[in-house]
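Okay, here's what each chain looks like letter by letter:
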Amino acid sequence: MEFCDLCRIHGALHQSSNRLSTLIADMRTHLRVLGLYMVPALLYCLYNNLAFVNLAAFDPTTYFLLLQLRVVVTGISFQVVFKKQLSRRQWVSLLILTVGCIVKQLSSIKKQEISPTQPESTYTTFFLNFASLHTGLMLVQVFCSCLAGVYNEKLLKDTGVEVHIMVQNVFMYIDSIICNAVILLFRGELFSAFTAASLTQVWQLAVVVIIINNAAVGIVTSFFLRNLNSILKTFASALELMFTAILSWIIFGIPVDWWTAAAITLVIYATYMYAQSPVVNRGRLDELEKGMTSGEAEQEMLVINRSMTAV
């Protein structure tokens, strides 16, 4: 249901300046781009499903701190996909961010209670926990997030740069609907997902708010990747660590210890350091803009401004 709502929102925004027939014509013209969007759609589908599994295994602060490993993986993926080398300062900021994640993971050592009947060392317990199945699933989730983000940016700025950004959003969520339907069919839950009882659960206020929020995030993310880049997007998301720690303390009573405070400090400093020398990646946007007339450029900016206002 979430991806259906996302697709409807993107479709409505696009139809504000183009007829439905034009959208269908664009889909026929750019079938290759529509097919290529199946890659990030599948990766995001796996990411979203793993998020539920990993959130059940980790407390919110640990989950989001470990998720920041995607910054380093995104940096590597970015260099490979776009063939752009990051500067030393940029890599240092990435490493500081990684250290912040490790510091938070080390805090679990202080919380381990070793039974007298089990003379296993604290550090051994830590490394066993680190090598657990859930940590492996976190790494898979990180990989899905990084590759999907960089590949999506590649489509927005390079491969599909001629395709209107809102049409690309429609492509993305059409493929996402297909991916989620296939997974539900594989699990034997496709038809049960649309029963009266299931739909009643979906249309609860809290769920509807989440759907609307994710729809807004999806729209803003496409503009973010189009005009900025996936590395900066990942760094920006790191700021949520501070708010997550505070909300976890207020809502769940999870204490913010010195380890967590130090980790959050490192993450914030790394984000600040990177902001002093961010990556610039325009792809083929400059080439596209040079080929546009002034009237076409103004119309493009008008559509973007209207879309952002709607968000």
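Draft legend 1. Highlighting a nonpolar patch on the surface. On the surface, Leu239, Met242, Phe243, Ile246, Leu247, Trp249, Ile250, Ile251, Phe252, Val256 and Ile268 cluster together to form a nonpolar patch covering roughly 1100 Å² of accessible area. Structurally, Trp249 is set in helix 14 (residues 240–251). We classify Trp249 as exposed; its relative accessible area is 53%.

Draft legend 2. Fine view of the environment of Val279. Take Val279: it is sitting in the loop between helix 15 (258–275) and helix 16 (285–290). Residue classification places Val279 among the buried residues on the basis of a relative accessible area of 10%. For the pair Val279 and Ser87, spaced 192 residues apart in the sequence, the C-alpha separation amounts to 8.6 Å. Leave out the neighbours within four places in its chain, and Val279 touches Phe78, Leu86, Gln90, Asn229, Ile231 and Tyr274.

Draft legend 3. Inspection of the nonpolar core at higher detail. Tyr37, Tyr63, Leu67, Phe171, Ile231 and Phe235 are the most contacted members of the largest nonpolar core, which totals 49 residues. Counting residues per element, this core draws most heavily on helix 9 (residues 133–159), which supplies eight residues. Sequence-distant contacts of Phe171, defined by excluding residues within four places in its chain, comprise Asp26, Met27, His30, Val33, Leu34, Tyr37 and Val163.

Draft legend 4. A look at the confidence of the model for the chain. Per-residue confidence for the chain averages 77 on the pLDDT scale, and 77% of its residues sit at or above 70. For residues 1–6, every residue scores under 50 in pLDDT, and the model assigns this stretch 17 contacts once sequence neighbours within four places are set aside. Overall, residues 306–311 carries pLDDT values under 50, and its contacts beyond four positions in sequence, including any with other chains, amount to seven contacts.

Draft legend 5. Quick look at the environment of Ser176. Within the fold, Ser176 resides in helix 10 (residues 165–186). Along the primary structure Ser176 and Leu42 are separated by 134 residues, whereas in three dimensions their C-alpha atoms are 6.8 Å apart.

Draft legend 6. Structural detail: the packing of aromatic side chains. Counted by the stated rule, this structure contains one aromatic pair. Measuring from centroid to centroid gives 5.0 Å for Phe78 and Phe82, while their planes differ by 40 degrees, and the two rings are tilted. Highlighted residues: Phe78 and Phe82, both in helix 6 (residues 70–82), separated by four residues, approximately one helical turn. Owing to a relative accessible area of 0%, Phe78 belongs among the buried residues under this scheme. By relative accessible area, which is 12% here, Phe82 ends up buried.

Draft legend 7. Structural context of the side chain of Asn152. Considering the arrangement of structural elements, one finds Asn152 in helix 9. Apart from residues lying up to four places away in sequence, Asn152 is in contact with Tyr37, Tyr44 and Leu225.

Draft legend 8. Here's a closer look at the state of the cysteines. This model, assessed by the stated rule, comprises zero disulfides. Left unpaired, Cys45 is separated from the closest cysteine sulfur, that of Cys179, by 5.7 Å. A relative accessible area of 0% places Cys45 in the buried class. You can see Cys146 has no disulfide; the closest cysteine sulfur is in Cys144, sitting 9.3 Å from it.

Definitions and cut-offs
Residues numbered from 1 in each chain as written. Predicted model: local features only at pLDDT ≥ 70, side-chain atom pairs only at ≥ 80, totals over all residues. Heavy atoms only, no water. Patch = residues over 30% accessible without salt bridge, like charges linked within 9 Å, V, L, I, M, F, W, Y side chains within 5 Å. Areas by Shrake-Rupley, 256 points an atom, 1.4 Å probe, with all protein chains shown as cover. Salt bridge = Lys/Arg side-chain N within 4 Å of Asp/Glu carboxyl O. Helix = DSSP H or I, 4+ residues; strand = E, 2+ residues; numbered from the N terminus. Buried < 20%, exposed > 50% of the residue type's maximum accessible area, 1.4 Å probe, protein only. Contact = heavy atoms within 4.5 Å. Core = buried A, V, L, I, M, F, W, Y, C linked by side-chain atoms within 4.5 Å. pLDDT = per-residue confidence, 0-100. Phe/Tyr/Trp six-rings, centres within 6.5 Å; stacked < 30°, edge-to-face > 60°. Disulfide = S-S within 2.5 Å.

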